[in-house]
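Reading the structure
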Amino acid sequence: MRSVSFLVATRAAAVLGAALLLAACSASIYAAASTAGVTAKVLDATGRELGVLTLADAGAAISVDGTLRGLTPGVHGMHLHTIGRCDGASFAGAGAHWSPTPKQHGSANPAGPHHGDLMNLTVGADSSVLVKMSTPGGSLRGEYPLLDADGAAIVIHATTDDYKTDPSGNSGARIGCGVVSGS
Ligand SMILES: [Cu+2]
Ligand SMILES: [Zn+2]
């Protein structure tokens with residue numbers, strides 16, 4: 001009798017252990033799917049890769065991090081645009097700036113900014129720039145989701161964003177584009 005109840009207890013512990021292992025596995029899969037692996041591979045108009053940027057939820061904002069190379073030295077505007085496409089002449093497929101609320105462009109605009117308005121990139125003489133910034137609001141998939149049905153793209157412009165001229169800060173042509181994607 002003692003040995004039978006010991007056996008039952010052992011089997012129960014084994015089942016419990018398996019259940020905990022399963023729970024741990026599905027929890028880590030869920031975490032990976034919900035918070036990691038959202039990136040944008042940025043290409044120029046000729047299809048040359050400029051770098052990969054990583055996007056992540058950061059409070060009531062989205063962080064954008066990475067390194068870009070092969071850009072013209074100087075200052076370039078950069079924004080999240082509202083459609084996850086980089087096709088068309090001058091990457092027109094990316095659409096306008098991501099703006100889930102009715103705002104105008106720019107942090108220096110009293111009626112702004114768009115959620116997709118980022119800081120200017122200052123590209124050094126070596127043609128590279130370290131990107132470390134965040135959006136003024138929104139989230140990847142929570143409130144004001146960036147990753148809605150039509151996705152999003154990150155766009156780099158030829159010249160400086162003045163942070164106030166609607167709709168795109170007078171930042172010139174679109175010279176780089178990356179579709180935001182991830183599981
Ligand atoms: Cu833009
Ligand atoms: Zn804008």
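Residues numbered from 1 in each chain as written. Chains lettered and ligands numbered in written order. Predicted model: local features only at pLDDT ≥ 70, side-chain atom pairs only at ≥ 80, totals over all residues.

Now for the environment of Thr-39. Relative to the elements of secondary structure, Thr-39 occurs in strand E1 (residues 38–44). Leave out the neighbours within four places in its chain, and Thr-39 touches Val-52, Leu-53, Thr-54, Leu-55, Ser-181 and Gly-182. (Helix = DSSP H or I, 4+ residues; strand = E, 2+ residues; numbered from the N terminus. Contact = placed C-beta atoms within 7 Å.)

Cis geometry marks the peptide bond from Gly-112 to Pro-113, where omega comes out at -5 degrees. Following the sequence through the fold, Pro-113 ends up in the loop between strand E5 (78–81) and strand E6 (121–123). Omega for the peptide link from Asp-166 to Pro-167 comes to 5 degrees, which places this bond in the cis form. Its location among the elements puts Pro-167 in the loop between strand E8 (153–157) and strand E9 (174–181). One non-glycine residue, Ser-90, adopts positive backbone phi at about 55 degrees. Mapped onto the elements of the fold, Ser-90 is located in the loop between E5 and E6. Phi is positive for Ser-127, which is not a glycine, with a value near 70 degrees. Within the secondary structure, Ser-127 is located in the loop between E6 and strand E7 (128–134). Here Ser-127 falls in the partly exposed class, since 13 other C-beta atoms lie within 10 Å of it. (Buried ≥ 20, exposed ≤ 12 C-beta atoms within 10 Å, placed from the backbone.)

Let's shift gears to the nonpolar core. Counting residues in each nonpolar core, the largest one holds 30 residues, and the members touching the most others are Val-42, Ala-153, Ile-154, Val-155 and Val-180. Mapped by element, the contributors of at least two residues to this core are E1, strand E2 (49–57), strand E3 (62–69), E5, E7, E8 and E9. Ignoring sequence-local partners within four residues, the contact set of Val-180 consists of Val-38, Ala-40, Leu-55, Gly-84, Leu-146, Leu-147, Gly-151, Ala-152, Ala-153 and Ile-154. (Core = buried A, V, L, I, M, F, W, Y, C linked by C-beta atoms within 7 Å.)

Spatial strand order, E5-E8-E9-E1-E2-E3-E7: seven strands in an open sheet with antiparallel pairing. Bordering the open sheet on either side are E5 and E7, each of which pairs with just one other strand. Within the sheet, the average angular offset between the axes of one strand and its neighbour, ignoring direction, is 20 degrees. Sheet topology note: the E1/E9 ladder contains four bridges and is antiparallel. Paired with Ala-40 across the bridge in E9 is Val-180. (Pairing = 2+ DSSP bridges. Axes fitted to C-alpha atoms, helices over the stretch in contact; angles between N-to-C directions.)

The next thing to look at is the confidence of the model for the protein. Chain-level statistics for the protein give a pLDDT mean of 87 and a share of 80% at 70 or above. Low pLDDT, under 50, characterises residues 1–10; the predicted model gives this stretch zero contacts beyond four residues in sequence or across chains. In this model residues 12–34 is a low-confidence stretch, pLDDT under 50, and it forms two contacts with partners more than four residues away in sequence or in other chains. (pLDDT = per-residue confidence, 0-100.)

Before going further, it helps to spend a moment on the environment of Thr-46. With respect to the element layout, Thr-46 can be found in the loop between E1 and E2. Between the C-alpha atoms of Thr-46 and Gly-176, which are 130 residues apart in sequence, the distance is 9.4 Å.

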